Amino acid sequence: MDKNLGEITALLKKYNQEQLLNEYENLDEQKKKMLLEQIENIDFELMNHLYLTTKGENKNQSDTITPIDYLDKNKLYDDYKYYDNIGKKAIEEGKLVAVTMAGGQGTRLGHTGPKGTFDIGLPSHKSLFELLSDSLKEAGKRYDVTIPWFIMTSKENHKATVEFFEKHRFFGYQKNKNLFFFNQGQLPMMDTEGKILIGEDGLVKLAADGHGGIYEALVKNKMTDKMRELGAEWVFIGGVDNCLVRMVDAVLMGIAIDKEVTVACKSVVKANPHEKVGVFCKKNGKPNVVEYSEITDEMAEARDEDGELLYGESHILCNLFSVDAVERMGARPLPYHVAYKKAKYLDKDGNLVVPDSPNAYKFEAFLFDAFGEVDDMAVLRVNREEEFAPVKNSDDAGVDCPKTARKLYMNLHGDK
Ligand code: UTP
């Protein structure tokens, strides 16, 4: 037994995770080395702590939640032009880059392959990535610039994502010049007994660490340095699965610059007071997003003197940050939330188990948990039918699915 293996066996014993070496003897030399490296890199104290959170998340009941101010894009009147001009100037000066978070597993959609490669069924059969690239290029034309595009992938889907872009000639972008791919972090998955799972390849079963991993991934992979080199000061960060995402928005940028905030977010008003979405608010005086389950029915239904919901601005993963704010957010660890998901794994006899219902805990950081890092942010309400067509579920679900997204896309664009 080599020294490294001896030490690792002791480490696993200490944390009651000896199963991680079950497949060791069956692996080739390269994979043996990989497995040992993976195990050395696991923060077992953190994993223990995370397992305990699966027994009931530690919510801080003493948080004070209050409404946050927002602007309505339809009610800016004369200010619209004012903000638009400020944002336009900054975009024309090349101060904006776009990031697409494409590291998710897309389990609800059930598409094999990266979610961005999914064809929502438009007559053109364009993938989500192509629809996003169309919108970026169109905006680039409007402002006579190329908006650099950064794509966050996970280790699981990185290769397939880059190959897809290659096959489509990077949609007219140039890799490493104005198109950059980078990987997000990962955490081990655990079973309900707190045992870390072994994946099909005999290695530790890892999964992407949630969209909150974006900040750390941008900083660690030196993407924020790259943004500065390109002359950018602002980063729009959005998801891959909103086929109407408007990544270049001069009004949003103008508001951020004029109001001297480092984060400006778009919202859409809740479809009804009890819609199960996260909404913008202030938590202990700092910007935040609360889940529907964290506010009372009374709060969910409360309205201001104009009849608008006090907690009605849904977070739609459409956020603009200064590069400085991203770096600040990337320097601090975020809390992890637990999701219960289906995960294939090797059992103790080395047999592959393919579950048909959730069997494993996945730990994810949420992007909005970093919002408290800034003192203030701007929230801009936009029109749902113009900017929000999420593709989360398969058509059977009937909501936020390819069918609904296709309809919304075609209502706005036809089939371009
Ligand atoms: P979701 O939270 O909807 O998750 O992601 P998902 O992984 O796409 O789908 P499910 O929950 O497994 O069905 C919202 C956005 O955040 C990205 C997704 O790619 C999507 O653009 N994301 C999510 C990441 O980039 N990394 C993650 O770890 C999680």
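Preceding this section is the structure that the text describes.
S.K.: Before we move on, can you summarise the overall build of the protein with the specific residues and values?
M.R.: Secondary structure summary: the protein contains 13 helices and 17 strands in total. Since a compact globule built from 416 residues should have a radius of gyration of about 22 Å, the 22 Å found for the protein is in line with a globular shape. Dimensions of the protein along its principal axes, counting C-alpha atoms only, are 75 × 50 × 45 Å. Here the protein holds 416 residues, and 51% of them are scored as buried. Taking the intrachain contacts of the protein between residues at least 6 apart in sequence as the baseline, contacts between residues at least 24 apart amount to 75%. Side-chain charges in the protein split into 55 positive and 69 negative, and the spacing between the mean points of these groups amounts to 3 Å.

S.K.: Break down the packing of aromatic side chains for me, citing the residues and quoting the values.
M.R.: Note on aromatic pairs: each is described by the distance of the centres and the angle between the planes. In the structure shown here, the tally under the stated rule is 15 aromatic pairs. When the centroid spacing of 5.2 Å and the interplanar angle of 80 degrees are considered together, the rings of Phe165 and Phe171 count as edge-to-face. Judged by centre distance (6.4 Å) and plane angle (5 degrees), the rings of Phe280 and Phe371 are stacked. Here Phe280 is found in strand S10 (residues 279–283), whereas its partner Phe371 is found in the loop between strand S16 (360–364) and strand S17 (378–381), with 91 residues between them in sequence. Under the relative-accessibility criterion, Phe280 is labelled buried at 1%. One aromatic cluster is present, built from ring pairs that chain together Phe129, Trp149, Phe164, Phe165, Phe171, Tyr173 and Phe181.

S.K.: Would you mind going over the side chain of Thr117 in detail, with residue names and values included?
M.R.: Residue position: Thr117 is located in the loop between strand S3 (96–101) and helix H5 (128–143). At 2.9 Å, the side chain of Thr117 forms a polar contact with the side chain of His111. Not counting the four nearest positions on each side in its chain, Thr117 is found in contact with His111, Ser127, Phe129 and Phe164.

S.K.: Go over the pairing of S16 with me, naming the residues and quoting the values.
M.R.: Counting buried residues along S16, five of its five residues qualify, which places the element largely inside the surrounding structure. The alternating pattern of S16 places Ala360, Lys362 and Glu364 and Tyr361 and Phe363 on opposite faces, both of which are buried. In terms of strand pairing, strand S13 (residues 337–341) meets S16 through five bridges, oriented antiparallel. Paired with Tyr340 across the two strands is Tyr361, which belongs to S16.

S.K.: Residue-level account of the nonpolar core, with values.
M.R.: Ranked by internal contacts, the top residues of the largest apolar core, which has 46 residues, are Ile91, Trp149, Phe165 and Leu320. Beyond its immediate chain neighbours, meaning those up to four positions away, Ile91 contacts Leu96, Tyr143, Val145, Ile147, Val248, Asp249, Ala250 and Met253. Counting 37 residues, the second largest nonpolar core, distinct from the first, contains Ile214, Val289, Phe321 and Met329.

S.K.: Give a detailed account of the site of the ligand, specifying residues and quantitative values.
M.R.: Around the ligand sit 20 residues in total, of which Met101, Thr107, Arg108, Gln184 and Lys392 are the nearest. At 2.8 Å from an oxygen atom of the ligand is found a main-chain nitrogen or oxygen belonging to Gly103. In the environment of the ligand, an oxygen atom lies 2.9 Å from a nitrogen or oxygen atom belonging to the backbone of Gly210. Expressed as a share of its isolated accessible area of 570 Å², the protein-covered part of the ligand is 93%.

S.K.: How would you sum up the state of the cysteines? Please name residues and give values.
M.R.: Here the structure, examined in full by the defined rule, presents zero disulfides. For the unlinked cysteine Cys318, the closest cysteine sulfur is that of Cys265, found at 9.4 Å. Judged by its relative accessible area of 0%, Cys318 is buried. Cys243 supplies the cysteine sulfur nearest to Cys401, a cysteine that is in no disulfide, at a spacing of 11 Å. Overall, Cys401 belongs to the buried group, its relative accessible area being 1%.

S.K.: Can you explain the pairing of strand S12 (residues 313–322)? Please cite residues and give values.
M.R.: Of all 10 residues that make up S12, 10 are buried, and the element is covered over most of its length. Of the two faces of S12, the one holding Glu313, His315, Leu317, Asn319 and Phe321 and the one holding Ser314, Ile316, Cys318, Leu320 and Ser322 are both buried throughout. As defined by bridge partners, strand S8 (residues 234–239) adjoins S12 across five bridges and the pair is classed as antiparallel. Each residue of the ladder has a partner; that of Val235, found in S12, is Phe321. Summarising the sheet, strand S9 (residues 263–269) and S12 pair through six bridges and their orientation is antiparallel. Bridge pairing in S12 places Val263 opposite Phe321.

How each quantity is defined
Residues numbered from 1 in each chain as written. Predicted model: local features only at pLDDT ≥ 70, side-chain atom pairs only at ≥ 80, totals over all residues. Heavy atoms only, no water. Helix = DSSP H or I, 4+ residues; strand = E, 2+ residues; numbered from the N terminus. Rg over C-alpha atoms; globule rule 2.2 N^0.38 Å. Buried < 20%, exposed > 50% of the residue type's maximum accessible area, 1.4 Å probe, protein only. Contact = heavy atoms within 4.5 Å. Lys, Arg positive; Asp, Glu negative; His and termini not counted. Charge placed at Lys NZ, Arg CZ, Asp CG, Glu CD. Phe/Tyr/Trp six-rings, centres within 6.5 Å; stacked < 30°, edge-to-face > 60°. Polar contact = N/O pair within 3.5 Å; in protein donor to acceptor, adjacent residues only side chain to side chain. Pairing = 2+ DSSP bridges. Core = buried A, V, L, I, M, F, W, Y, C linked by side-chain atoms within 4.5 Å. Near = heavy atom within 4 Å. Areas by Shrake-Rupley, 256 points an atom, 1.4 Å probe, with all protein chains shown as cover. Disulfide = S-S within 2.5 Å.

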